[in-house]
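Given next are the chains, with one letter for each unit.
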Amino acid sequence: MVFNYSKSNLPKQLFINNEYVASKNSKKLELFNPKDGSLVANDVDLAGAEDVDAAVAAAEKAFPAWKKIPAQARQEMMNKFAALIQKHSVELAELSRITLGAPISAIGHRETMMAAEGFKYFAAWIDKFAGESFPQDDGFLKIVRNEPLGVVAGVVPWNGPLTTASNKAAPALATGNCFILKPSEKTPFSALALGPLIIEAGFPPGVFQILSGDGSTGALLSSHMRIRKISFTGSIPTGKRIQEAAAKSNLKRVTLELGGKSPAVVFDDANLENAITWCARALTMNTGQICFAATRVYVQEGVYEKFVEGYKKALLKAAENIGDPEAESTTMGPLVDKAQFDRVSGFIERGKNGQGTLLTGGSRVGSEGYFIQPTVFTNVDPDAEIIRQEIFGPVSVLNSFKTEEEIIEKCNDTNYGLMAGVFTQDINRALRVASEFDAGMVGVNCVSLSFKQTPFGGTKESGLGRENGSAALRAYTDQKTVMINLTY
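The sections below set out a description of the structure shown in this document.

Analysis parameters
Residues numbered from 1 in each chain as written. Predicted model: local features only at pLDDT ≥ 70, side-chain atom pairs only at ≥ 80, totals over all residues. Heavy atoms only, no water. Pairing = 2+ DSSP bridges. Helix = DSSP H or I, 4+ residues; strand = E, 2+ residues; numbered from the N terminus. Axes fitted to C-alpha atoms, helices over the stretch in contact; angles between N-to-C directions. Phe/Tyr/Trp six-rings, centres within 6.5 Å; stacked < 30°, edge-to-face > 60°. Buried < 20%, exposed > 50% of the residue type's maximum accessible area, 1.4 Å probe, protein only. Salt bridge = Lys/Arg side-chain N within 4 Å of Asp/Glu carboxyl O.

**Here we look at the sheet that holds strand β6 (residues 140-148)**
Strand order in the open sheet formed by 3 strands is β5-β6-β20, with antiparallel pairing between adjacent strands. Each edge of the open sheet carries a strand with a single partner, namely β5 (132-134) and β20 (477-485). Each neighbouring strand pair of the sheet contributes to a mean axis angle of 20 degrees, computed without reference to strand direction. Strand direction decides the pairing type here: β6 and β20, joined by 9 bridges, are antiparallel. Pairing of Leu141 across the sheet is with Ile484, part of β20.

Right, here's the structure in full:
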């Protein structure tokens, strides 16, 4: 099967058992280009119950042989798959961009390459994810094995279609599971296009499958009695429904990454240029459609005015490069679709109506497409909607603070706990504040970033479990204890 997909030849069918097949479901997905609102396609397959059952059956058939494949063979497949993603990175990025709107220069190519890196990273773990053994001084040798779960599924968001797919598929496959991927109904094309690469890399039929669909497809996966785990990235309400469906079905294992309202704290002694750079980038990257974006910025009174001036200047500069995501000069594209544009615009309009003082932005850019200015509100009440809820767009609040004790309390006063950042030249303060933040990840003199080697995830309603690093491998395996009697 030759890879020949592009914006003029879109993949629209399900990929089951190493074949593209038409859905048994008559319903279809409709997608639009966010740069101008034009129709991209209205005939993309939406997987229904029969399709999910077919994928699960193929995965169950493949699992016994797949879990026994030697480590070197599995490594070779995953590394070849990563190389193929890199080889076709331009086309894959285009397939994401056509309905996501992520700029080709700032996000598009990088997101695809990060996905490839994820497969290479977890391929390297395959022969290094060791079990344990305990001595036989009591007459019994104890061995602990890490064993795959079986058929698992990943439901990924639209803001990073391939990177988030890699975060779930790569550790699942590395540990010997068979994986079913459901991309977002807003950005299905780059994932659906992986079929020829899966085959060329050598994955057997049923090992890695892709089902396009909407929330109804995700619900089928979540409640399926023969799927052993589901990993989801998205909103809190959907995450709660997935956890409930998992519990009511076969009590399948669940990993949830559910977003954040991440604080960035800038103390008087911080390097202001560095702090401004990180905070501005965190808000404008992917047009603010990043789960760990620093959208609550707190600056100590002594440098507040200087920070306000620099932060506003940086965001106005970023706004100069809002435009067509196909243009190399563009660094900020549109929001993903009309629904997201209306949601973000609604928050901004309500923010203008007494929730805070508008510092910059607050308006649409142009007359077509879903472009919006980077927007900042100052002097925001701690109970205001724009400081309490995740907006998922280029909107932040900027408030001042006096003391360390005060700001820790303000930062932790939220249902979210994904990311936090502290900017200071005092290492003792940095470590002290980092330990007090109720968040899964903390940046010191940086914010809104992650690494493949380290756990990614949050506390409180930001989710359950962790992705990346060895934590991801543990999430896709069960431990089996083998006890050997040496007493006779």
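Still more to cover.
**Structural notes on the packing of aromatic side chains**
Within the structure shown, the criterion is met by 16 aromatic pairs. Ring plane angle 55 degrees and centroid distance 5.9 Å describe the contact between Trp66 and Phe203, whose orientation is recorded as tilted. Placement of Trp66 in helix α1 (residues 49-66) and of Phe203 in the loop between α7 (195-201) and β9 (208-210) is noted, with a sequence separation of 137 residues between them. Judged by relative accessible area, which is 1%, Trp66 ranks as buried. Taking 5.8 Å as the distance between ring centres and 80 degrees as the angle between the ring planes, the aromatic pair formed by Phe81 and Phe203 counts as edge-to-face.

**Topic: the pattern of salt bridges**
For the structure on display, the rule yields 28 salt bridges. The salt bridge partner of Glu185 is Lys182, with a shortest N-O separation of 3.8 Å. You can call Glu185 partly exposed: its relative accessible area is 32%. Among the salt bridges present, the one from Glu406 reaches Lys410, with a minimum N-O distance of 2.8 Å. Of this pair, Glu406 and Lys410 both sit in helix α14 (residues 404-412), 4 residues apart, which is roughly one turn of that helix. Using a relative accessible area of 23% as the deciding quantity, one classes Glu406 as partly exposed.

**Observations concerning the environment of Lys68**
Note that Lys68 resides in the loop between α1 and α2 (71-87). In this structure Lys68 comes out as exposed when scored by relative accessible area, which is 65%. In the structure, Lys68 is positioned 108 residues away from Gly176 in sequence and 7.7 Å away in space, judged by C-alpha atoms.

Bear in mind that shape data such as this cannot, by itself, settle questions of function.
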